[in-house]
Every structure is written in C-alpha cells, then in structure tokens.
Amino acid sequence: MVVKKGLPIELQELLKQLVMNGHIRIAGTVLHVYCRRMYQVDDETAARWMVTYFHREFPQQLKRHRDRIAKV
C-alpha cells in the first residue's frame, strides 16, 4: 500500500523553479527519477505520476510544452 506523503519541500521548489524558467522537460526527468527511486515503481507508473503531477500543478506550462512538441 502506498502512503501519500507528498513531495519534499526542496523538490517542490526545484520543480517550480525549473518549470518557471522554461525547463519543464528537465523537471519531468527529475520527478520521474525521484518516483522511480523513492517508490521503486516501474517506468510506466512513474511516467503516469509525473504527467498527473504536472497536469495538476502546472497545467498552462504543460499545455504550452505539449503544443510546442506537436509543432515539431
């Protein structure tokens, strides 16, 4: 059973700074690796958690990132 504790304050601040500076891909990598190592889950689960987190916390930046990716 997974206990919901949330992310550490330091990690939340790092993700916020990266996203606000336009580095959402790096922030996603950091969060993905954190989920993999901390909760020892597979790639698919960590990726799903990462997308859910960004969708909840940074929806505008995520939409902008997805639009930019779609143009390429």
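Keep in mind it's a predicted model, so treat the numbers as computed, not measured. (Residues numbered from 1 in each chain as written. Predicted model: local features only at pLDDT ≥ 70, side-chain atom pairs only at ≥ 80, totals over all residues. Heavy atoms only, no water.)

Engineer: Is there a simple way to think about the packing of helix α1 (residues 9-20) against helix α2 (residues 24-39) in this case?
Structural biologist: Describing two packed helices takes the angle between their axes plus the distance from one axis to the other. Between α1 and α2, whose axes approach to 7 Å, the crossing angle comes to 155°. Comparing the axis directions of α1 and α2 gives the class roughly antiparallel. Considering the relative orientation of α1 and α2, their crossing is left-handed. The segment α1 lies against α2, with L11, L14, L15, L18 and V19 engaging I24, I26, A27, V30, L31 and Y34. (Axes fitted to C-alpha atoms, helices over the stretch in contact; angles between N-to-C directions. Helix = DSSP H or I, 4+ residues; strand = E, 2+ residues; numbered from the N terminus. Parallel < 35°, antiparallel > 145°, perpendicular 65-115°, else oblique. Left-handed = near helix turned anticlockwise from the far one by under 90°. Contact = heavy atoms within 4.5 Å.)

Engineer: Honestly, the nonpolar core in this entry has me stumped. Any pointers?
Structural biologist: It is characteristic of soluble globular proteins that their nonpolar side chains tend to be buried jointly. Counting 17 residues, the largest nonpolar core has L7, L15, V19, A27, L31, Y53 and F54 as the members making the most contacts within it. Broken down by secondary-structure element, the contributors of at least two residues to this core are α1, α2 and α3 (43-57). It is α2 that provides the largest number of residues to this core, a total of five residues. Excluding residues within four positions of it along the chain, L7 makes contact with Q12, L15, L31, Y34 and Y53. (Core = buried A, V, L, I, M, F, W, Y, C linked by side-chain atoms within 4.5 Å. Buried < 20%, exposed > 50% of the residue type's maximum accessible area, 1.4 Å probe, protein only.)

Bear in mind that shape data such as this cannot, by itself, settle questions of function.
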